[in-house]
Amino acid sequence: MVAQEPNGELGSPSEQALQRLSELVRRVNSSADTTDVLEEIANGVHEVLGYGVAAISQLEGDALVMVAAAGPEDVRAQILGRRTKAVNILDEFRAADHWGILRYVPHGRMDPAHLDNIWTPDIEPSDDPEAWHPEDALYAPLYSATGELLGNMAVDLPPGLRLPSQAERELLEMFVVQAGLALSNAQQRERLARQVHLGAILREVAQSGSRVGLEAMLASATEAINRGFDAVRTWVSCARDRDGGPETSVAYPAGEVQPPTCEPLRADLLVTAWPAGLPVPVAVTDTEIPLLPTSLEKVQESLQEAGAGHGVVVPVGNGQEMFGYLGIGLREQQKPLRPDELDALTEVARELGRMVQSARLFETEQRLVSELRELDRYKGELIATISHELKTPLTTIIGHVELLEDQQVGGRSVQAIRRNANRLDRLIQNLLNYAQVQERRGSVRRRVDLVELADSAIELLSQQAESGGVEVSFDRPPGRVEATGDPDELGTVLNNLIGNAVKYTRAGGRVVVEVGLAEALVHVTVADNGIGISRVDRSHLFSTFHRSSNPEALSLPGTGLGLAISRRIAEGHGGRIEVDSTLGRGSTFRLVLPAPAT
């Protein structure tokens, strides 16, 4: 409780100061308006402690800027907004007497060059050693908890125009502490707000990576960067890719002002800035910049054309590869970017590098896919054309062999012609099937009974099985087992699977065919106890034109297309072919298809 005099006024100056301090502590801890708090502190020093003038400056870059002042209006008008180089104030601190956290510089000790930049009261000097001299200075540096200079408080014309007593200094120090806390709180709020803002810029740039196409990505990113840093212009330029693609340059806002050509500046930054991953601040009139003169001239020219007074250039790359650069131009009156803003801009450039690399990889992948598709299409057309061209003369050959056989003109030569012509006919038919499956021509989907298809395949292959001494059995289900698909294509798959089982099973062996339904899948399983497949051959089993490395298998005729065709058909029907085989013991192939929707 503050005591009051009988007339109702507050008690001693100390009590008034403590009361004012109590209010200031509350304001400092609750107010977000730092300027108002600093004004109130200055007014407290002026009104309560009795100093004729009290002023508080805040550090901005390398200068202390006067942001709050209390005293006569004409004095306030003179000193508010005044900028003083921080190094000058620090020089004065070194020449001062230390009064606790206060710094007192007696007249005659201050550097005369600094006197021109300070306000001097219009009072007569006195011979009294305790009297206040017009050239005396009393400061209080304002530091953060980590020892970082935040600002400065300066007071003049102390009470009674005499050097402050110990008690008066202690009261002044209390106000100084509150001013330091206010600036520290403001700095923390500003730093946090800046971090949130810079994080938002980085997120928006990262989201630009979802756009399709490199130019669209960079256009969206440059707009976000330009808006986030309140820049006059932002541009990104990337050199040609390894495949010789065009140089990519994007600017925001778009206009006639073109960024510097990428390659010369990229080559320069590759040596000067890229190894350390550092941004390069550039001023239009500054020549002390770590860029080659030709590059610097181009950058400064672009800044001037965009109406910028200064800016920053940052290398853009990813990993060990540098693609180009990011440049932003700022207005002449804008402050240079702070270290945390430069760090954020460097991270933005890294994100752009990742985007450029991903976009180029995607473009390369798309180009390769397109080329592979075109090659695959050409291969299919070539196979179909050659097969059709071979089919006509082969049909003639087979027809004449049949005429010779009808006329009973036989012999081993005619039999050999017949046997090899049939083999060639099967090869051509497989080639035609392969080409047709690639292009998916003539596919008609309907409900198909797999039991019926299996029956037909077994009947078709019965003569081959009988002549090879192979028993084929069918584990027939009680009813229909249906799939949705093209009956001719699915019939081709069963013919291939059962035909291979018969072909690669030795005389006296057995092939078992089973058709079944399990949950939402139907399957046809073909199991044999034949020669089996090695682990190495299984990895290439469905490759086109692949033949087994097993000498016993190679001795049997084949094209290496049957399983490739079968897998394509199965996958085209939403299914798959599973294989389980052991060399020398036999194989099991299973065609699995989705069951029709009921």
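Look up a bit, the structure's there.
Residues numbered from 1 in each chain as written. Predicted model: local features only at pLDDT ≥ 70, side-chain atom pairs only at ≥ 80, totals over all residues. Heavy atoms only, no water.

A. Structural view of the pairing of strand E1 (residues 53-60). Alignment of E1 against strand E7 (residues 149-156), held across six bridges, turns out to be antiparallel. By the bridge assignment, Val53 is partnered in E7 with Asp156. Pairing between E1 and strand E2 (residues 63-70): seven bridges, direction antiparallel. Counterpart to Ala55 in the pairing with E2 is Ala69. Between E1 and E2, which pair antiparallel and follow one another directly, the connecting turn spans two residues, one of which, Gly61, has a positive phi of 65°. (Pairing = 2+ DSSP bridges. Helix = DSSP H or I, 4+ residues; strand = E, 2+ residues; numbered from the N terminus.)

B. Representation of the sheet that holds strand E12 (residues 321-330) in the model. Taken together, five strands build an open sheet; the order of strands is E9-E8-E12-E11-E10 and the sheet is antiparallel. Because the sheet does not close on itself, it has two edges, and the strands there are strand E9 (248-252) and strand E10 (280-283). Each neighbouring strand pair of the sheet contributes to a mean axis angle of 20°, computed without reference to strand direction. The pairing of E10 with strand E11 (residues 310-318) spans four bridges and is antiparallel. (Axes fitted to C-alpha atoms, helices over the stretch in contact; angles between N-to-C directions.)

C. Main features of the sheet that holds strand E14 (residues 471-475). Spatially, E14-E16-E17-E19-E18 is the arrangement adopted by the five strands of the open sheet, whose pairing is mixed. Each end of this open sheet is capped by a strand with a single partner; those strands are E14 and strand E18 (576-582). Sheet twist, expressed as the average angle between the axes of neighbouring strands with direction ignored, equals 15°. Together, E18 and strand E19 (586-594) form the strand contacts of helix H17 (residues 562-572), whose direction differs from that of E18 by roughly 140°. (Contact = heavy atoms within 4.5 Å.)

D. Focus on the layout of surface pockets. Estimated volume of the second largest pocket: approximately 660 Å³. What lines the second largest pocket is a set of 21 residues, and nearest its centre among them are Leu59, Glu60, Gly61, Glu190 and Arg338. Looking at the lining of the second largest pocket, the elements that each hand over two or more residues are E1, E7, helix H6 (166-208) and helix H10 (339-406). Looking at the lining of the second largest pocket residue by residue, the class counts come to eight nonpolar, three polar and 10 charged. (1 Å grid on protein atoms, 1.4 Å probe; cavity = no way out; pocket = protein on both sides within 12 Å on 5 of 7 lines; lining within 4 Å. Points joined across faces, edges and corners; volume = space filled by probe spheres on them. Nonpolar A, V, L, I, M, F, W, Y, C, P; charged D, E, K, R; others polar.)

E. Layout of the packing of helix H14 (residues 487-503) against H17. Contact pair H14 / H17: the axes reach a minimum separation of 9 Å and the direction vectors enclose 140°. Classified by the angle their axes make, H14 and H17 are oblique. Crossing hand, H14 versus H17: left-handed. Of H17, the residues touching H14 (which contributes Glu489, Leu490, Thr492, Val493, Asn496, Leu497 and Asn500) are Gly562, Leu563, Ile565, Ser566 and Ile569. The residue makeup of the contact of H14 with H17, split by class, is six nonpolar, five polar and one charged. (Parallel < 35°, antiparallel > 145°, perpendicular 65-115°, else oblique. Left-handed = near helix turned anticlockwise from the far one by under 90°.)

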